[in-house]
Structure formats: C-alpha cells, structure tokens
Amino acid sequence: MLRFPDEAAFAVFNDKRAKKKGIKSVDITEMKVPKALREVRTLVSPHGKALAYLASHPEDFEGKQEHYEQVMVFDYFERHDAIVYEALYAIPNGGLRNKGTAGRIKAEGGKRGELDINLDIARGAYHGLRIELKYGKNTATDEQKVVIERHTRNGYLALVVWGHDNCIAVIKAYMDLSPGDTLEITV
C-alpha cells in the first residue's frame with residue numbers, strides 16, 4: 001500500500017499517474033466523504049479484524065486454535081502496552097504452504113523449530129524472550145526443544161506456553177523482572 005505524508009503529496013502522485021494513463025485526474029479534496037467514514041478515528045488492526053472474523057465465524061477456530069491464540073496475545077498488547085507491542089513479533093514458520101513458498105522461506109533463512117513469539121526487550125538476566133505458544137494437548141516438537149535449549153544457552157528466556165492467557169501472564173511477569181532476576185515458570 002502506498003503512503004503519503006499529506007494530501008498534497010498524494011494529489012501530485014495522482015496527477016502524474018493520471019497523465020501517464022491518459023485519464024482525467026480526480027481532485028480528492030472536492031470529493032464528499034460519507035459521514036460514517038468521517039467519524040472513524042482509528043483503523044482496525046489486523047488482530048482486531050481477525051478476532052472480529054472469528055466472532056462472526058466461530059467454526060473457524062477448529063483447526064486454527066494456535067493461530068487465534070497468538071492473535072489474542074498480539075491484540076492484547078496492542079491495546080494495553082505499546083512498549084511491549086512495539087518489540088513483540090511473530091515468526092510464521094507453521095502453516096500449510098506450497099513447495100515454492102516453502103523453498104523461498106527456507107532460502108531466506110527460515111528454519112524449522114523456531115519459536116512463535118519473540119520479545120526483543122532485555123529484562124532480568126535475559127537478553128529477550130522467546131515463546132512457543134501451544135493450545136490444548138499440543139506439545140513442542142523435537143526441533144522446537146532444540147531451539148529452546150539453544151536460546152536458553154544464549155541468554156534468552158525460552159519456553160513453551162499453553163494458551164493466550166498464560167502467554168500474556170508470562171510476558172507481563174517477564175517485563176516486571178528487575179536487573180539480574182530470573183523467572184521460574186512451572187507448568
């Protein structure tokens with residue numbers, strides 16, 4: 001999606017594009033915007049959109065539980081803690097992909113077993129936080145266990161967490177650590 005610093009920059013772009021295509025440019029400043037759109041102050045986040053979709057299609061949860069659990073984690077921090085949200089990101093390793101896409105991801109450095117959620121904020125005795133989010137009775141794969149051990153050895157808090165509520169609680173506890181402290185998690 002193209003973004004412009006202001007309406008004037010968009011108008012210049014729109015005029016140039018119209019001239020290239022041989023069409024008449026539209027002056028968007030003279031367009032009447034519907035009242036409903038004028039009143040919208042914020043855009044809905046991708047997390048909010050996914051959860052709105054789930055609310056109207058609850059049957060979609062089956063088979064995509066870990067996806068929606070992760071969406072709930074990101075939605076929570078987007079709404080409640082901008083500092084955490086800014087440094088929180090996901091590694092999209094799972095999911096069904098065709099061979100071409102899987103090959104491109106592998107060529108770009110994607111690796112099996114990398115954990116789902118990363119928080120690049122140092123707290124306590126740790127360089128950062130790595131979480132493998134699971135749902136129900138799912139367990140970590142052998143590759144994920146190796147990755148958890150590697151991250152732990154390299155100074156990260158890396159662990160498996162079940163469910164979005166537990167994940168949110170772990171992230172909050174991690175953020176509350178004082179310098180030098182460690183976090184003991186019991187499952």
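Structural data are supplied above this passage.
On a predicted model such as this, the values are computed, not experimentally measured, just so you know. (Residues numbered from 1 in each chain as written. Predicted model: local features only at pLDDT ≥ 70, side-chain atom pairs only at ≥ 80, totals over all residues. Heavy atoms only, no water.)

## Structural notes on the overall build of the protein
Selection rule: Helix numbers and strand numbers start at the N terminus; a helix is a DSSP run of H or I with at least 4 residues, a strand a run of E with at least 2. Any residue under 20% of the maximum accessible area for its type is buried, any over 50% is exposed, and the rest in between are partly exposed; the area is computed with a 1.4 Å probe on protein chains only. Only heavy atoms enter the contact rule, under which two residues are in contact if any of them lie within 4.5 Å. Where accessible areas are quoted, they stem from the Shrake-Rupley method and a 1.4 Å probe; at the residue level, only the protein chains shown are allowed to cover.
On a plain count of helices and strands, the protein comes out with eight helices and four strands. When each of the 187 residues of the protein is scored for burial, the buried share is 32%. Summarising the internal contacts of the protein: among those between residues at least 6 apart in sequence, 64% fall at separations of at least 24. Total accessible area on the protein is roughly 13200 Å²; 56% of this is exposed by carbon and sulfur atoms.

## Notes on the sheet that holds strand β4 (residues 157-162)
What counts, and what does not: When DSSP finds at least two bridges between two strands, those strands are taken to pair. Every angle, taken between N-to-C directions, lies between 0 and 180 degrees, and every axis is a line fitted to C-alpha atoms, over only the stretch in contact when it is a helix.
If you trace the four strands from one edge of the open sheet to the other, you get β1-β2-β3-β4, paired in mixed fashion. In the strand order of this sheet, the two ends are held by β1 (88-90) and β4, each with one partner. Each strand of the sheet is rotated relative to its neighbour by a mean of 25°, with strand direction disregarded. The sheet contact formed by β1 and strand β2 (residues 117-119) spans three bridges and is antiparallel. From the neighbouring strand, Tyr-89 faces β2, where its bridge partner is Asn-118. Here helix α7 (residues 142-153) sits on the sheet in contact with β3 (129-134) and β4, set at roughly 140° to β4. Helix-sheet contacts for helix α8 (residues 164-175) involve β1, β2, β3 and β4, and the interaxial angle to β3 is about 170°.

## As for the pattern of salt bridges
Put simply, the test is: What counts as a salt bridge is simple: a side-chain nitrogen of Lys or Arg found within 4 Å of a carboxyl oxygen of Asp or Glu.
Under the criterion given, the structure shown has seven salt bridges. A salt bridge links Lys-64 to Asp-60; its shortest N-O distance comes to 3.0 Å. Exposure remark for Asp-60: the relative accessible area of 15% places this residue in the buried category. A salt bridge links Arg-79 to Asp-75, with the shortest nitrogen-to-oxygen separation between them at 2.9 Å. Highlighted residues: Arg-79 and Asp-75, both in helix α4 (residues 65-80), separated by four residues, approximately one helical turn. The buried category is assigned to Asp-75, whose relative accessible area is 9%.

## Let's talk about the pairing of β3
It is a general feature of regular strands that their side chains alternate between the two faces of the sheet. Cut-off, in case you're wondering: With the strands aimed away from the viewer, a crossover counts as right-handed if its path from the first strand over the helix to the second runs clockwise.
Where burial is concerned, most of β3 is hidden: six out of the six residues are buried. Taking every second residue as pointing to the same face, both faces of β3 are buried, with Leu-129, Ile-131 and Leu-133 on one and Arg-130, Glu-132 and Lys-134 on the other. Two strands pair when backbone bridges link them, and β2 and β3 are joined in this way by three bridges, in the antiparallel orientation. Its bridge partner being in β3, Ile-117 is matched across the sheet by Ile-131. Sheet topology places β3 next to β4; six bridges connect them, and they run parallel. Paired with Arg-130 across the two strands is Ala-158, which belongs to β4. Handedness of the crossover is the feature at issue here: the chain leaves β3, passes through α7, returns alongside β4, and the resulting connection is right-handed.

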